[in-house]
Structure formats: C-alpha cells, structure tokens
Amino acid sequence: MEISESHICPSELLDAVSDPNKSFKVEVETFCKHFTMKQKVEKIENFSYLPLGGAVNLNKPDVTFSYIEFYGVDPNNVPQQPCDLFFGKWIADGQRDLIKVHTLKKREFIGNTSMDAQLSIIMANQAQIAPGDVVLDPFVGSGSLLVSAAHFGGYIWGADIDFMMLHARTRPTRVGQKVRNKEESIRGNLRQYGIGSQYLDVLVSDFSLPLWRQDIKFDALITDPPYGVREPAEKIGIERDNYTLSAQHLDNHIPSKVEYGLPHIYSDLLNFAAQHLSIGRRLVCWYPLVRDEYLEEQLPSHPCMQLVGNSEQVLSKMTARRLLTYQKISDDIPNMPHDPHGAAHNFRDKYFAVGEISRREKKERRAEEIAKTASYLKAKREECNKE
Amino acid sequence: MKLITHNMLTSKCLKGVVTGYPLSINATNINITEVDYNPEFITRIIPKLDWEVLWRAADSIGHSDGLPQTIEPKFEENNEFLKKAHRVLLEVDIEEGNLVCPESGRRFPISKGIPNMLLTEAEVQ
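Residues numbered from 1 in each chain as written. Chains lettered and ligands numbered in written order. Predicted model: local features only at pLDDT ≥ 70, side-chain atom pairs only at ≥ 80, totals over all residues. Heavy atoms only, no water.

So, on to the sheet that holds strand 2 (residues 63-70) of chain A. Residues and elements named next belong to chain A. Ordered in space as 1-2-3, the 3 strands form an open sheet in which the pairing is mixed. Each edge of the open sheet is held by one strand with a lone partner, namely strand 1 (24-31) and strand 3 (84-89). Between one strand axis and the next, the sheet turns through 15 degrees on average, direction left out of account. Across 8 bridges, the pairing between strand 1 and strand 2 is parallel. Within strand 2, the position partnered with Glu27 by the bridge is Ser66. (Pairing = 2+ DSSP bridges. Helix = DSSP H or I, 4+ residues; strand = E, 2+ residues; numbered from the N terminus. Axes fitted to C-alpha atoms, helices over the stretch in contact; angles between N-to-C directions.)

Have a look at this one:
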C-alpha cells in the first residue's frame, strides 16, 4: 500500500481538533519505561511535521495533544521498541494520580497486611461504590479498603476480631517506628484524606457469629479475609470442654481463639452477602490458592451470588490470589450448607507445603552452584600452575 | 459509637437469645463530633432505620431534644428534621460505656468509641 500524505496526516481528523487560532501543546507519556525530560522533548520535536497552525503554549494551552508510548506491562522485561503508540486530543484526566495520593507510604495507620492503594481503588471500583452508599468490610484490619470506599463517597462500617488492631495497639509496621502514634486509627486515616465525615464505626466482633440486624442491607461489601499465612484466620473458641471463666477475670478478658478455616470464612461470607446485600449490589474479595490447582468451578459459590469478575494476582511461583466480584441476583435465599468444594481447600497447609519444597530446592540449587564454582576455580588454578 | 450503628446491632450471637434487639445503652462519656451534613445520605438511610429504636436510644442518653417520635410521610422535604436526624445519627458519639443485651443482661463494653462485641470462649461452647 502506498503511503500518501493523508495517511501520515489524515486532515479530516486533524482539522476537527486543530484551529490556527487556538494554542496547543503536546504531552509525552510513557508506560513501563522511563525517559528523561530531554528525550521527551526530542519525541515532541518529531511531531514538527504536523500542520498544527496554532501557537505553542505550555502553561495554558487551548488544546492538549497526548502522545503515549506503551511498553507492555512487565517491568522486568521491557522491549526495545514500544508495543503500541497512541496519539490524540486530551479530553479528561483519569484518576491514576489517586494511587500516589493514597499511597501507604504516607498513610498514618497501617498494619502488616494493609492493602496497596492501587488494589484498594480497583476493589472500590469493582464494587461500584457511589456517593451515599453504605459499605461494610467485615475483616477490616487497618481499614485500607475503606479509605478508597470512602473516597468514592461510601459511608463505611468495619468489623474485625482483633481488638488490638482496631485500637491501634499492635506493634508498628513501619520500619524504624518504635511506638504507635496516639492519633493512629481507621477514623484518623479517613480524616487524613479529608473524608472523616464518612466514617460510621468500627466494631470488635467475630464474623462467624451473627451481629447485624437481620433486615439491614448494605450497598457493598469489600473485604480481604485473613488467609492464615501473614494474619491468622481465627474465631473465638477453645478446644477444651467445660471451660469456665471466673467473674473476676471477665473484665478485659481476651478470649482464646481457634482456627476459622478458609472454606468456612468464604461460605459464611457468601451467605452473609446473600442476606445483607441489596439486589444488584456487589461483594468484592480476595481468594488465595495454589496456582496449578485452580479450577474456576471450585471457587466459592452461592445460588444468590453471581461471579462477575475474576482476576489473578500472582504472589509467588506457586501461589496466587484472585480478586473475585460477586453480584447479588436473587433474594430467594435457600438454607445453604457449607460449600462442598471448600472442605479440601486449606491454603495455609498448602502454602507451607509448597514452601517446604521450594526451600529444599533452593538449598540444593545453591549447593550445586557452590560445587560448580569450586570445580571451576580448581581448574583455573591448575591451568595457572601449568603455566 | 454512633446511634446509627446502635440501630443495626444485635446480641443474637449469645446462646439462647432470640432477637437481642434493641440493645440498651449505658453511656459514661458522650462526645459530639462534627460531621459534614449530607441530606441525601440522611434521606437514604432513614428508611433503613428502626426509628422508634433510634428515638428511644437518643432519649435514654439525653439527646432526643426536638426529635419527633415518628417520621412524617414527606420527611425528605423537611430540612429542619433532616438536620436533627443528622445530628442524632452521626454526631452523637458514645466514647465510653456499655451496650446491654435486652434478654440476658450481658454487657458489651464500649471503649474509645469502639464497641467490643466479642464473646468469651465459654459463651461459644
């Protein structure tokens, strides 16, 4: 195909957006590869052939053109040439900047497993949170998911079994921080971003037991339940029979806990969502699994909850977690037994079993490398001696 | 703890308790925290509330001043009413005290504004 002038500069497209009476500028953005300002200016200069008639104005242009070079999504494997190029008139900004605004680096109160700002924002969007929605996170932790939920206008409730976490009395997570600041709390986090008015409350409670009024409906549930690896998956309980507690110990008593297995957590969560979500509204949660055992039909399921989103985040060679979005489609709630597939799913055991193998593998591989280096050095030494 | 939260909580977790609603409130320290007024939110939340329970709860802690005992049919057009509801629901904040189960008398302490609804291991056996 012969390339004519109109292929390079399709005038019918350009005329629609360029006007000799309007000033303009070109902005260069690159994805997954960094360029210096000088290199970016060179890229802009390449556009000098375009018949844009207006004056250049870098501060307050009437029209902004955006040029984007896309270098894929794998930061460890960036190609020489961009995979794709985009050029067009700028219409509106997205909200990617929010990732920087909400970064955990500057968050007052964080815990060991606080959700990264970008993922929290994605979760709030998946849950379609809109101004005035009532949102609950039943495994709230340090409340990172609620920060993004409140940003999009949600009014937030949180619950967690961990008394010390909700009262910000756990050991500080930040490197170098010895004691927690007095102001640290989930409410404090919302105040930090100027959305403190959307804080309703947080409660210390055990998700395996009923707490909320039967007929209350939430507009969204977003949560990251404990996987039993970095945070324990627990509920109140004791293995011993006939346990009693004397009245003098009742105040400030911290109850013992037993394992709250993942299958139980997720079947409780789906049952809760079926009961407490309004029709059409969503539950968004993470689900950990061993990658090569993944089968979509074995994900937690419930007849009232339709799976509408399912994406993988790889955690290690063997493990991943999936961001699941369920939409409530029916109010006709059957009495659900525990998920039949769930019983086999014990992520914690598998996680550590997988870890065992890879630890042994790593040791063996290192031993091999050391042996190789030793024999190489030996050969070298012999060569030198000969000379 | 705000009264909007109180309106949603039960003590059904306790063995032998049937409804566990409404919990009564013993407050030893109440704060008034200023919250931005959002009439759309208040209008939206009122149908979800048990208004009688809210009124009694507010009355029991001395904050029912000017709050009507029943909701009028066109409450969403009455800005005065919405402002009062806003104050009682979101600004009256119980800092220290107890929630008490109406059937068993079991107390759930509220400390630093956070209710502790946990049972003991003996109670879940």
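Here we take up the UniProt feature "domain: tRNA (guanine(10)-N(2))-methyltransferase TRMT11 N-terminal" (unreviewed entry) in chain A. Under the UniProt annotation, the feature "domain: tRNA (guanine(10)-N(2))-methyltransferase TRMT11 N-terminal" (unreviewed entry) is placed at residues 21-96 of chain A. In the segment residues 21-96 of chain A, helix accounts for 12% and strand for 29%; the C-alpha atoms at its two ends are 32 Å apart. (UniProt positions renumbered as here; feature names shortened; annotations may be inferred.)

Below, the discussion takes up the interface of chain B and chain A. Taken together, the contact pairs 37 residues of chain B with 43 residues of chain A. Here chain B packs against chain A, burying approximately 3400 Å² in sum over the two surfaces, 59% of which is carbon and sulfur. The largest contributions to the chain B side of the interface with chain A come from Ile114(B), Leu118(B) and Glu121(B), which together make up 20% of the buried area. Applying the counting criterion to the chain B and chain A interface returns 3 salt bridges. The shortest N-O distance in the salt bridge between Asp93(B) and Arg187(A) comes to 2.8 Å. Across the contact surface, chain B and chain A share 20 residue pairs in polar contact (both at pLDDT 80 or more). The set of elements that each furnish at least two residues to the side of chain B that touches chain A consists of helix 1 (3-6), helix 2 (39-45), strand 4 (114-115) and helix 5 (121-124) of chain B. Its residues placed into classes, the side of chain B that touches chain A shows 18 nonpolar, 10 polar and 9 charged. (Contact = heavy atoms within 4.5 Å. Buried area = accessible area lost by both parts, 1.4 Å probe. Salt bridge = Lys/Arg side-chain N within 4 Å of Asp/Glu carboxyl O. Polar contact = N/O pair within 3.5 Å; in protein donor to acceptor, adjacent residues only side chain to side chain. Nonpolar A, V, L, I, M, F, W, Y, C, P; charged D, E, K, R; others polar.)

The relative placement of two packed helices is expressed as an angle between their axes plus a distance between the axes. All names here are of chain B. Interhelical geometry of helix 3 (residues 51-60) versus helix 4 (residues 79-91) gives an angle of 65 degrees and a closest axis separation of 11 Å. When the axes of helix 3 and helix 4 are compared, the pair comes out roughly perpendicular. Remark: the crossing between helix 3 and helix 4 carries left-handed chirality. Where helix 3 approaches helix 4, its residues Trp51, Leu54 and Ala58 are matched on the opposing element by Phe81, Ala85, Val88 and Leu89. Grouping the amino acids of the contact of helix 3 with helix 4 by side-chain chemistry returns 7 nonpolar, no polar and no charged. (Parallel < 35°, antiparallel > 145°, perpendicular 65-115°, else oblique. Left-handed = near helix turned anticlockwise from the far one by under 90°.)

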